[in-house]
Amino acid sequence: MRLPLLARWLLGAGVAVALAFIYVPLLVVVVTSFNSDSTFSWPPRGLTLRWWSAAAQNDGALDAVATSAKVGMAATAVALVLGTMAAFALSRHRFFGRETVSLLVVLPIALPGIVTGIALNNAFRTVLGLDLGFVSLVVAHATFCVVVVFNNVAARLRRLGGNVEEASMDLGATRLATFRMVTLPSLGSALLAGALLAFALSFDEIIVTTFTAGAEIETLPVWIFSNLFRPNSAPVVNVVGTVLIIASIVPIWLSQRLSGDTAGGRI
Amino acid sequence: MTAGAGAQVGLPRRTLLRRSSAALHRRPWLRLGGLLSAPLLWLGVAYLGSLAALLVTSFWSTDTFTGDVVRVWTLENFRQLWVEDVYRTVVLRTVGIAATVTVIDALLAFPIAFYMAKVAPPRVQKALVVAVLMPLWASYLVKAYAWRIMVSESGVVDSVIGVTPGFGLVAATLTLAYLWLPFMILPLFAGLQRLPDSLLDASGDLGAGPAFTFRSVVLPSVLPALVAGSIFTFSLSLGDYITVEIVGGPSQLLGNVVYDNIGAANNLPFAAAMASVTVAVMVCYLAAVRRTGALDNL
Amino acid sequence: MATRFTQAGSMRSLAGSSVLLAVAACGTSGGEESTDTSSGGGLAAPDLPMLQEVGASEDELNILAWPGYAESGQTVPSVDWVTPFEDKTGCQVNVKDFGTSDEAVSLMKTGEYDVVSASGDASLRLIAAGDVEPVNTELVPNYADVAEFLKQRAWNSVDDQMYGIPHGWGANPLMFNTDEVTPAPDSWSVVFEADSPYAGEITAYDSPIYIADAAMYLKATQPDLGIEDPYALDEDQLAAAVDLLEQQRANISEYWSSATQEVSAFRSGDTVVGTTWQYNASLAQSKGTPVKTVVPKEGITGWSDTWMVATDSEHKNCAYMWLDWIVSPQINAEATEWFGEAPANLKACDLASDENFCETYHANDEAYSEGIYYWNTPIAECLDGRTDVTCTDYSDWTTAWTEIKG
């Protein structure tokens, strides 16, 4: 669109400021991963690849990434199912309490993580008497991931309308066949965007995880947190951070390509 | 597919699948019930149930030495929260910071979201989306420590502008604004995308300058999206305790008080009471913004 | 289409709320039955049995430890006394670090850990809550070599029953940046007084137990308050300590709760003086930061850590094997030398890589040890024996700490 020159300049400046704001700290992370001093000093006293080689050999880091990935995938799967169901329910039907249900879906992510964390911890350990572990963690993560999937699917359903599905059923397909052959494909990219965002949220989550993971499960954020306590190995976390930033380009770009709608997913 | 010309096309066989499909079609509430059952069970019963259990705990107290919960009903926790000044101060301080973070994020997010949605050519737009989303994957802790390095004496900020806020509330606010920025950019971007270009052109045609168009056309349309983003920045800042520990210096926020009471004091009832305050704040906020349609824009 | 559902909707919400109420009514449990802790003078520990013999390894052990206490080669590959333990006993070890005693206490309540290295401000709380059980010292052969002055102390035993095996002990000296802080301080006034020349660059330990440091300072500077034991403070004495700490708060750059945090602050120059552990000081020095530690004239607080066994542990055999391992001369030497504290097992002195190790840390110096105000848990019955007043307990200190931080 056409904008007067001043507006263009201001806009450009705003974009530049925002991008600088976003990337300067990330650059600090990258630089610090080469800092020969292990106590986060600035400016870096010297450069070294020591932390990079330490990270490559660090089984703990790799295990933590694997654990986080497993938890993320499980939580995303659950969130996909629940979120889609809820999205269908709320988009295709009018009923009493509709707004309340939509509020309920948003609640886990709208409430501070520490509240969700201690509530679920309390529920698991003292009310239900269960041990914390993989299951409790997946349950906790899925709870706040539902809303991400829900929003994407609901938005897509709103855009689609019910006509194509009705037509399909008029032509003799069962509900299941319609869902499989008509609805699901058109939801595809919304589901993907939602899944990706849900996975990202779960992957980097620390606060709720602290309260619901128990002793044996070490996701990546937990691993990073405990390594920050160890002064001599703390810089490895910067290596891990750098790797994550670079590695994340792939899934994000992929989801952009696959989703025709460039909204990049709605949180 | 197999019928020849003139042959009768038979009705589909009435299998169980077909019959149930038809039944579901005739009874929408059955469909609805089926769809809602699992999510409601999970969120409504399990999640709300655990919140309720936590709320119940806030009416109990702790044996001060052993840390075990004493199940005797009392309003002591809430009385303490109300009477002692420090808690009120902490709550107000936290709400203030959360609001400041929201404003900073809104100001920072808007230009880039507008650019991405309205001005950027498609390839640039895609690249920008990737650029904005990438930091989400860098670990929260790593980013917070990066800010610690930046605001320390002779850190990045000091080297560039000669003075640094040091560890404290300013640093904490900046760091929180940094961490939640993508959560503000994305809904704004989506909201701006939905704003038809023709509307902006029409406003220009009618003689409005960019500033006026912004105030009277753009802003009202993206208000739901703005509020949606604010829900995230506000709630994420409200309960955060880790950032304050890393860059906040000697300060404490609401999240720290809750966390300390679970950890240090082993006083779950008091922590629960404090947590209830955050829940109350957020529920009020959500109820207030429901009218703006923000919840559809998340 | 809407009307049909209204009925179903209200039925559902009714069912839902009754389920909610039922769940809420069950609510939280009270943990173990806590026995009456106000009987007699002092602590009444629950009556728990102790292990009578060490059986076969359970192949797993979950350790809750101060950072640096259970090294498995993750920090520096050669610093590792966990892997040899795993090889010897078959107990696969998971280590979780904690930053403050408070974290340790709450983590122990999860029941997920088998052994914990508890300082005195945690141990009594764990004992009283029944989270740890008495330790049968006869099952730990190396206990015999532990320094006598560490046995049967107020924080690791109740009624002559030991609740753990001592690991070592150390002090919280004053650390200062030798380039920035001149002349070298000899008093805690440099961190407590409002007119300190280093205002804005002071640090303090982020835990309510730090109140004892303030009390210790007041004992020397305001004797008419009558403070004898910095852990036995009545309400007036606590109020005085809180005032002092609120005054200090205005000059604090940052409260530290992990070694990395304090060392990074000293390195960047955000902090130049404050309380520390020897471990942090050695770490900073190894990075080239010009720091030194000093024992100020008002005295120092310190800590003596005890390895304790969780009551609900499912791996008690491995737990006892660990207790014996960690206090064996060679391993105790490695562990305490790495952290920077005096070893509990005096035979470790000959095995340390630095031959002056025990001298530096006054390991044999009973008099020095007696001069330290070891971390203890404040309880209502005054630890200094006063019966005419009620002392403030740890929860009062925690509330006070929140107020101090503002």
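Here's a quick rundown of the structure. Bear in mind that the values here come from a model prediction, so they are computed numbers and not experimental data. (Residues numbered from 1 in each chain as written. Chains lettered and ligands numbered in written order. Predicted model: local features only at pLDDT ≥ 70, side-chain atom pairs only at ≥ 80, totals over all residues. Heavy atoms only, no water.)

**Brief notes about the overall build of chain B**
Here is step 1 of the chain: Looking only at helices and strands, one finds 13 helices and two strands in chain B.
Here is step 2 of the chain: Compactness check: chain B gives a C-alpha radius of gyration of 26 Å against a globular reference of 19 Å for 298 residues, more than 25% above the reference.
Here is step 3 of the chain: The 298 residues of chain B split such that 58% are buried.
Here is step 4 of the chain: Taking the contacts inside chain B whose residues are at least 6 apart along the sequence as the reference set, 67% of them involve residues at least 24 apart.
Here is step 5 of the chain: Accessible area of chain B: about 12000 Å², with a carbon and sulfur share of 66%. (Helix = DSSP H or I, 4+ residues; strand = E, 2+ residues; numbered from the N terminus. Rg over C-alpha atoms; globule rule 2.2 N^0.38 Å. Buried < 20%, exposed > 50% of the residue type's maximum accessible area, 1.4 Å probe, protein only. Contact = heavy atoms within 4.5 Å. Areas by Shrake-Rupley, 256 points an atom, 1.4 Å probe, with all protein chains shown as cover.)

**A look at the pairing of strand E3 (residues 115–118) of chain C**
Residues and elements named next belong to chain C.
Here is step 1 of the chain: Of the two faces of E3, the one lined by Val115 and Ser117 and the one lined by Val116 and Ala118 are each fully buried.
Here is step 2 of the chain: Taken together, the two bridges between strand E1 (residues 60–65) and E3 define a ladder with parallel strand orientation. Looking at E3, one finds that Ile63 is bridged to Val115.
Here is step 3 of the chain: With four bridges connecting them, E3 and strand E13 (residues 301–310) associate as antiparallel partners. Within E13, the position partnered with Val115 by the bridge is Val309. (Pairing = 2+ DSSP bridges.)

**Overview of the pairing of E1(C)**
Residue and element names in this part refer to chain C.
Here is step 1 of the chain: Counted residue by residue, E1 has five buried out of six residues, so it is predominantly covered.
Here is step 2 of the chain: Looking at chain direction, E1 and strand E2 (residues 92–97) are connected through six bridges and run parallel. In the strand pairing of E2, Ala65 is matched with Asp97.

**Quick word on the interface of chain C and chain A**
A common way to report how large an interface is uses the accessible area buried once the components associate.
Here is step 1 of the chain: Each side of the interface is counted separately: chain C has 31 residues, and chain A has 25 residues.
Here is step 2 of the chain: When chain C packs against chain A, close to 2600 Å² is buried across both sides, 54% of that on carbon and sulfur atoms.
Here is step 3 of the chain: Summed over the shared surface of chain C and chain A, the result is zero salt bridges.
Here is step 4 of the chain: Going through the elements one at a time, helix H1 (2–26), E1, E2, helix H8 (259–268) and helix H9 (278–286) of chain C are the ones with two or more residues in the side of chain C that touches chain A.
Here is step 5 of the chain: For the side of chain C that touches chain A, the leading source of residues is H8(C), giving five residues.
Here is step 6 of the chain: Looking at the side of chain C that touches chain A, its residues break down into 11 nonpolar, 13 polar and seven charged. (Buried area = accessible area lost by both parts, 1.4 Å probe. Salt bridge = Lys/Arg side-chain N within 4 Å of Asp/Glu carboxyl O. Nonpolar A, V, L, I, M, F, W, Y, C, P; charged D, E, K, R; others polar.)

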